[in-house]
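Overview (structure and organization)
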Amino acid sequence: MTTQSNTPAGWYPDPHGAAQTLRYWDGAQWTEHTNANQQAQAAPQMPQQPAGPDPRVQRQVQQQAGVAAGGPGGGSLFTEPVLVVNQKAKLIELTNEYKVMDQGGNQLGSVVQVGQSALKKALRFVASVDQFLTHKLEIRDAHGQPVLLLTRPAKFLKSRVIVARPDGQPIGEIVQQNMIGKINFAMNVNGRQVGAIKAENWRAWNFAIVDHTDKEVARITKTWEGLAKTMFTTADNYVLQIHYQLPEPLLSLVVATALTVDTALKQDSRGFG
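Residues numbered from 1 in each chain as written. Predicted model: local features only at pLDDT ≥ 70, side-chain atom pairs only at ≥ 80, totals over all residues. Heavy atoms only, no water.

Across its full length, the protein carries six helices and 15 strands. Residues classed as buried in the protein amount to 48% of the 273 residues present. Pairs at least 24 apart in sequence give 43% of the contacts found in the protein among residues at least 6 apart. For the protein, the exposed surface amounts to about 13,200 Å²; the carbon and sulfur share of it is 55%. (Helix = DSSP H or I, 4+ residues; strand = E, 2+ residues; numbered from the N terminus. Buried < 20%, exposed > 50% of the residue type's maximum accessible area, 1.4 Å probe, protein only. Contact = heavy atoms within 4.5 Å. Areas by Shrake-Rupley, 256 points an atom, 1.4 Å probe, with all protein chains shown as cover.)

Below is the structure:
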């Protein structure tokens, strides 16, 4: 792999020649963080990729989200133009889990809530207290390696989500701007706003993502889970469409947006549910 600044952050084969080792590239340089290459040492922990396109996911993208069929992307969370984010269906939600796929249904990664104590799970079981708790999620690639960390501190009125690299290096923050009307979030890096997430209606189902010039660069569309899931589970499904290749750190913030929207708004029902 070359060391160009537009290479997405992530885990790559160690350029220093260590056998069966992955080293983390932070988007600008190699870091000291390494991991054993799970793909080389053992069978992958992720489910097997389907042999062909999944018609259910294609229907979700093309018919429900209105995204026209396009050519394949680069095959990773940071290089695909369309990401399909489907939450694991649960009757009672104690741990947030999501599956991330491309527009053909091939799994690119996952999102898993981490760092929950038994007491915290017990609180979530007996009461609707999500908004008063801190939530931490890992966005993992197809090999199960973390590529982004999301932290939503306990909130009272407005949500804030901190986005960081796996080594803890901060990327930026996604901060809720208002509570009344169409909900907006600012995407901030080092105290400077680089973009925004704008709800298109008061129910905050669909969002336009814009850069610092207010030009739309991506879009989030909530898709219908099906009657049974809607009535009896907490599962939510989203399609993230990225209009063109974005520079860092905006790209990482945009990739995190579908999870941010769900964790910041839907999971605690704006603080009223």
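What follows concerns the sheet that holds strand S3 (residues 30-36). As summarised here, the arrangement of the three strands in space is S1-S2-S3, forming an open sheet in which the pairing is antiparallel. The sheet is open, and its two borders are formed by strand S1 (10-13) and S3, each paired with just one other strand. Neighbour-to-neighbour, the strand axes of the sheet open up by a mean angle of 40°, direction not taken into account. Strand direction decides the pairing type here: strand S2 (residues 21-25) and S3, joined by four bridges, are antiparallel. The residue bridging Leu-22 from the neighbouring strand is Asn-35, located in S3. (Pairing = 2+ DSSP bridges. Axes fitted to C-alpha atoms, helices over the stretch in contact; angles between N-to-C directions.)

The buried fraction of strand S8 (residues 146-152) amounts to five of the seven residues, a majority that puts the element mostly inside the structure. Hairpin geometry of strand S7 (residues 135-141) and S8 is characterised by an intervening segment of four residues between the two adjacent antiparallel strands and by a positive phi of about 85° at Gly-144. As paired strands, S8 and strand S9 (residues 160-164) are joined by three bridges and run antiparallel to one another. By the bridge assignment, Thr-151 is partnered in S9 with Ile-162.

Here we take up the sheet that holds strand S5 (residues 97-101). Strand pairs in the sheet, formed through backbone hydrogen bonds, run parallel or antiparallel to each other. Reading around the circumference, S4-S5-S6-S7-S8-S9-S10-S11-S12-S13-S14-S15 is the order of the twelve strands in this closed barrel, with antiparallel pairing throughout. Each strand of the sheet is rotated relative to its neighbour by a mean of 20°, with strand direction disregarded. When strand S6 (residues 107-114) meets S7, the two strands line up antiparallel, connected through six bridges. By the bridge assignment, Val-112 is partnered in S7 with Glu-138. Across the sheet, helix H2 (residues 55-64) lies against strand S4 (82-87), S5, strand S14 (216-223) and strand S15 (237-242), angled at about 115° from S4, the strand it touches most.

Turning our eyes to something else, we now look at the side chain of Glu-138. Within the fold, Glu-138 resides in strand S7. A polar side-chain atom of Glu-138 sits 2.8 Å from a polar atom in the side chain of Arg-140. Setting aside chain neighbours within four positions, we find Glu-138 in contact with Ser-110, Val-111, Val-112, Val-114, Pro-146, Leu-148 and Leu-149. (Polar contact = N/O pair within 3.5 Å; in protein donor to acceptor, adjacent residues only side chain to side chain.)

A word on the confidence of the model for the protein. Of all residues in the protein, 71% have pLDDT values of 70 or greater, and the mean over the chain is 75. Low pLDDT, under 50, characterises residues 226-235; the predicted model gives this stretch 17 contacts beyond four residues in sequence or across chains. Contacts for the low-pLDDT stretch residues 268-273, under 50 throughout, to residues beyond four places or in other chains number 17 contacts. (pLDDT = per-residue confidence, 0-100.)

Our next topic: the side chain of Asp-211. Here Asp-211 is to be found in strand S13 (residues 207-211). No salt bridge is formed by the buried Asp-211. Its closest oppositely charged neighbour is Lys-215, at 6.0 Å. Side-chain polar atoms of Asp-211 contact the side chain of Thr-213, separated by 2.6 Å. Setting aside chain neighbours within four positions, we find Asp-211 in contact with Val-194, Gly-195, Val-217, Tyr-244 and Leu-250. (Lys, Arg positive; Asp, Glu negative; His and termini not counted. Salt bridge = Lys/Arg side-chain N within 4 Å of Asp/Glu carboxyl O.)

We now examine the nonpolar core. Counting residues in each nonpolar core, the largest one holds 46 residues, and the members touching the most others are Val-163, Met-187, Ile-209 and Val-254. With five residues, the single largest contributor to this core is helix H5 (residues 250-255). Judged by nonpolar contacts, the second largest core, of seven residues, contains Val-57, Val-61, Val-82 and Met-101. (Core = buried A, V, L, I, M, F, W, Y, C linked by side-chain atoms within 4.5 Å.)

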